[in-house]
Amino acid sequence: MFKIVKKEYLANNIWLMDIEAPRVAKHCQPGQFVIVKMDEEGERIPLTVCDYDREKGTVTIVFQTVGASTMEMAEYEVGESFEDFVGPLGCPSELIEMPVEELKKEKILFVCGGVGTAPVYPQVKWMKEHGVDVDVIIGARTKDILILEDEMRKVAANLYIATDDGSYEFKGNGCDKIKDLYAQGKSYTRVVAIGPMIMMKFVCLLTKEMNIPTIVSMNPIMVDGTGMCGACRLKVGDEIKFACVDGPEFDGHLVDFDQAMKRQAMYKTEEGRAKLRFEEGETHHGGCGQCH
């Protein structure tokens, strides 16, 4: 059993939890994910690692209540435990595999939105710990749904906030802020975009025009986290890949986002039905049902 030692409400039905999982904490790296299973009959939920503490043996996860299983997870309290907490899974960020001296020569910009801020944080933290300065853009519809701002300010060389409604700092989305930074004379040699699929698509369209290599994380389309269900299959250039076993990071300029978004949409209807059943108080295990 894997005990919850911290629970925090971040914003807009987004929760943070620290889980006691010493073996996972010992081995996980930025960019990887875990699979959480609440009980014997529960659904397998893949969640990106937000942070880890090897000394305390804890792993931090962030999730948003979008389906029945995540709504059930949000009801768990400190002291309760998950049945399974498996990981680390997937490949670590390719950036941390690069020699640090090479990284220091790069000008890296991270662009994140929504819960995508969570998987960006450990990468930026790792960079800070290794003396690599990187800039970060956090995009949100409005100020009220920003997460991890204070934590990110401590590790980013420069943190820029972009809100669609202009309620906080820059008015506009992540792409608008990239253009704004370039207009100010800033430039970058590499971009990492993590967040909603549509955001990553448009960031990649922009950076392709600007000839900036771009990495994206395709964790939004993962379901069972092992490649068995096929939900995370995507086309990358001329190859077929699986986000959970080959990724989750890929060359954003080669990803077929339109195909990936169609695949993602296939599962929303059943997930919505499961969420409704949960809200009505029916017994249910498995928030989206696609693996049953």
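As a starting point, this report considers the structure included with it.

Rules and cut-offs
Residues numbered from 1 in each chain as written. Predicted model: local features only at pLDDT ≥ 70, side-chain atom pairs only at ≥ 80, totals over all residues. Heavy atoms only, no water. Helix = DSSP H or I, 4+ residues; strand = E, 2+ residues; numbered from the N terminus. Contact = heavy atoms within 4.5 Å. Areas by Shrake-Rupley, 256 points an atom, 1.4 Å probe, with all protein chains shown as cover. Core = buried A, V, L, I, M, F, W, Y, C linked by side-chain atoms within 4.5 Å. Buried < 20%, exposed > 50% of the residue type's maximum accessible area, 1.4 Å probe, protein only. Salt bridge = Lys/Arg side-chain N within 4 Å of Asp/Glu carboxyl O.

A word on the overall build of the chain. Looking only at helices and strands, one finds 10 helices and 16 strands in the chain. Across the chain, every contact between residues at least 6 apart in sequence was considered, and the portion connecting residues at least 24 apart equals 64%. Accessible area of the chain: about 13500 Å², with a carbon and sulfur share of 47%.

Another point: the nonpolar core. If you look at the biggest cluster of nonpolar residues, it comprises 58 residues, and the most contacted ones within it are F82, F85, F110, V124, V136 and M152. The leading source of residues in this core is helix α4 (residues 117–129), at 6 residues. Not counting the four nearest positions on each side in its chain, F82 is found in contact with M1, F2, I4, M17, I19, V36, K37, M38, M73 and Y76. Core analysis: the next-biggest nonpolar cluster, separate from the first, contains 30 residues, I137, I178, L206 and C232 among them.

The tally for this structure, following the rule as stated, stands at 13 salt bridges. K104 is the salt-bridge partner of E101, the closest N and O atoms lying 3.7 Å from each other. Exposure remark for K104: the relative accessible area of 42% places this residue in the partly exposed category. The partner of E169 in a salt bridge is R153, and the shortest N-O contact between them spans 2.9 Å. Within this pair, whereas E169 is found in the loop between β10 (158–163) and β11 (170–171), its partner R153 is found in helix α5 (residues 149–155), the two being separated by 16 residues in sequence. Judged by relative accessible area, R153 falls into the partly exposed class, the value being 36%. Linked by salt bridges that have partners in common, E94, E106 and R190 make up one network.

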